[in-house]
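# Commentary on secondary and tertiary structure
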Amino acid sequence: MSRPPVIVRTLPALRRALDILRTRNASLALVPTMGALHDGHVSLVRQAKRRAGKVAVSIFVNPAQFAPNEDFAAYPRTWKADLARLTEEKVDLIWNPDAKTMYPAGFASKILTEGPALAGLEDRFRPHFFGGVTTVVGKLFAQVRPDLALFGEKDFQQLRVVARMARDLDLGVKVMGVQIVRERDGLAMSSRNRYLSPEHRASAPALYRALKEAAKRIRAGDKLAPALAEGAASITAAGFKLDYLEARHAETLAPIAARKDGPIRLLVAATIGTTRLIDNVAV
Ligand code: PAF
């Protein structure tokens, strides 16, 4: 049986644990999570293990990135299963602060980012989201001081926002994106997939099918607008309420009008029943 990771819940305990992990100058990778771990997270941990001497995973359901009408209270908390998975993956450290440790009384600061954070994608529908993400990720970087931090490409705009922030603020951490892990039918793995009813779960892969088909048409030389319009129609026909399906520059997330202006990333967000899903593919 593998030895369980060191679990720390206070800043002094984190500092002590990091001093021990850092002996012999081991490089350190951080995988920030909100728990409810799935194979996508495991893939981040495995990439981290390949690239760094020691691996820390943070588990913190961050209230600051949820709007009052969102699912903070209902967000799945699966500590026992998460610990079992991280033990199996031989993670070195779990940083699991509570909200009072992360946001003590009187906390009054926020990291505000522009550029990819104002691309008009997730920020248009969840205006509070990136302020909450950048503030907590900035704090996680300051607390853990990793050399490398890994984020899933499913939250593609988040990845671009965090990478930009780390560069702009000279945080001394390399931000790396890791490929989306999909279910057998193509649905991108997400902690929120468990909210889907069986009927909506059966319809959900329509999102990835539409992305793949639009990417194929664009690669074959079709214009962006009709390829995206057909994708949008097939997503709506599968029962989704579509927030956006867009072609953006894969680095800057700026709107893009023609393939030659790429590299292109197609990004989608849509709700089925009460579950909002996001996904994206490279063209
Ligand atoms: O992607 C997530 O799980 C969260 O947004 C993150 C990066 C852990 C920040 O709370």
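Fair warning: this is a prediction, and the values are worked out from it, not measured in the lab.

So, on to the packing of helix α9 (residues 206-219) against helix α10 (residues 224-237). As a packed pair, α9 and α10 sit with axes 9 Å apart at the nearest point and diverge in direction by 165°. Here α9 is positioned roughly antiparallel relative to α10, judged by the angle of their axes. Like other packed secondary-structure pairs, α9 and α10 cross with a definite hand, here right-handed. Note on element contacts: α10 touches α9 through Leu224, Pro226, Ala227, Glu230, Gly231, Ser234 and Ile235, opposite Ala206, Leu207, Ala210, Glu213, Ala214, Arg217 and Ile218.

The biggest cluster of nonpolar side chains holds 33 residues, and the ones touching the most others in it are Leu93, Val137, Phe141, Val144, Phe151 and Val175. Secondary structure elements with two or more residues in this core: α1 (11-21), β2 (28-33), β4 (93-95), α6 (129-144), β5 (148-152) and α7 (156-168). Setting aside chain neighbours within four positions, we find Val137 in contact with Phe151, Val162 and Met165. Formed by 27 residues, the second largest nonpolar core is a distinct cluster that contains Ala210, Ala214, Ala247 and Val268.

Ordered by their spatial adjacency, six strands build an open sheet running β1-β4-β3-β2-β5-β6, and the pairing between neighbours is parallel. Every interior strand has two partners, whereas the edge strands, β1 (6-8) and β6 (174-178), have only one. Ignoring which end each strand starts from, the neighbouring axes of this sheet average 25° apart. Alignment of β2 against β5, held across two bridges, turns out to be parallel. From the neighbouring strand, Leu30 faces β5, where its bridge partner is Ala149. Across the sheet, helix α2 (residues 39-51) lies against β2, β3 (54-59), β5 and β6, angled at about 155° from β5, the strand it touches most. Of the strands in this sheet, β2, β3, β4, β5 and β6 touch α6, which is tilted by about 150° from β2.

The sites that carry the UniProt feature "active site" (unreviewed entry) are, in the present numbering, His41. Mapped onto the elements of the fold, His41 is located in helix α2. Excluding residues within four positions of it along the chain, His41 makes contact with Thr33, Gly35, Ala36 and Ser191.

Moving on: the packing of aromatic side chains. All told, the structure shown has seven aromatic pairs when counted by the stated rule. When the centroid spacing of 5.4 Å and the interplanar angle of 65° are considered together, the rings of Phe66 and Phe72 count as edge-to-face. Classification of Phe66 by relative accessible area gives buried; the value is 9%. A centroid spacing of 5.8 Å and a plane angle of 75° characterise the contact between Phe66 and Tyr75, whose relative ring orientation is edge-to-face.

Moving on, we come to the pattern of salt bridges. Per the counting criterion, the structure on display carries 19 salt bridges. A salt bridge links Arg124 to Glu246; the nearest nitrogen and oxygen atoms lie 3.4 Å apart. Pair noted here: Arg124 is in helix α5 (residues 122-125) and Glu246 is in strand β7 (residues 241-249), with a separation of 122 residues, a long-range link. Note that Arg164 and Asp168 form a salt bridge whose closest N and O atoms lie 2.7 Å from each other. With Arg164 and Asp168 both in helix α7 and four residues apart, this pair spans about one turn of that helix. Arg164 sits in the partly exposed class, given a relative accessible area of 33%.

A few words on the site of the ligand. Neighbouring the ligand are the residues Pro32, Thr33, Met34, Asn62, Gln65, Val133, Val136, Phe151 and Gln158. Gln65 has a polar side-chain atom sitting 2.6 Å from an oxygen atom of the ligand. Within the side chain of Gln158, one N or O atom sits 2.7 Å away from an oxygen atom of the ligand. Within the complex, 88% of the 290 Å² of free accessible area of the ligand lies under protein. Counting only elements with at least two residues in the shell around the ligand, the list comes to β2 and α6.

Definitions and cut-offs
Residues numbered from 1 in each chain as written. Predicted model: local features only at pLDDT ≥ 70, side-chain atom pairs only at ≥ 80, totals over all residues. Heavy atoms only, no water. Axes fitted to C-alpha atoms, helices over the stretch in contact; angles between N-to-C directions. Helix = DSSP H or I, 4+ residues; strand = E, 2+ residues; numbered from the N terminus. Parallel < 35°, antiparallel > 145°, perpendicular 65-115°, else oblique. Left-handed = near helix turned anticlockwise from the far one by under 90°. Contact = heavy atoms within 4.5 Å. Core = buried A, V, L, I, M, F, W, Y, C linked by side-chain atoms within 4.5 Å. Buried < 20%, exposed > 50% of the residue type's maximum accessible area, 1.4 Å probe, protein only. Pairing = 2+ DSSP bridges. UniProt positions renumbered as here; feature names shortened; annotations may be inferred. Phe/Tyr/Trp six-rings, centres within 6.5 Å; stacked < 30°, edge-to-face > 60°. Salt bridge = Lys/Arg side-chain N within 4 Å of Asp/Glu carboxyl O. Near = heavy atom within 4 Å. Polar contact = N/O pair within 3.5 Å; in protein donor to acceptor, adjacent residues only side chain to side chain. Areas by Shrake-Rupley, 256 points an atom, 1.4 Å probe, with all protein chains shown as cover.

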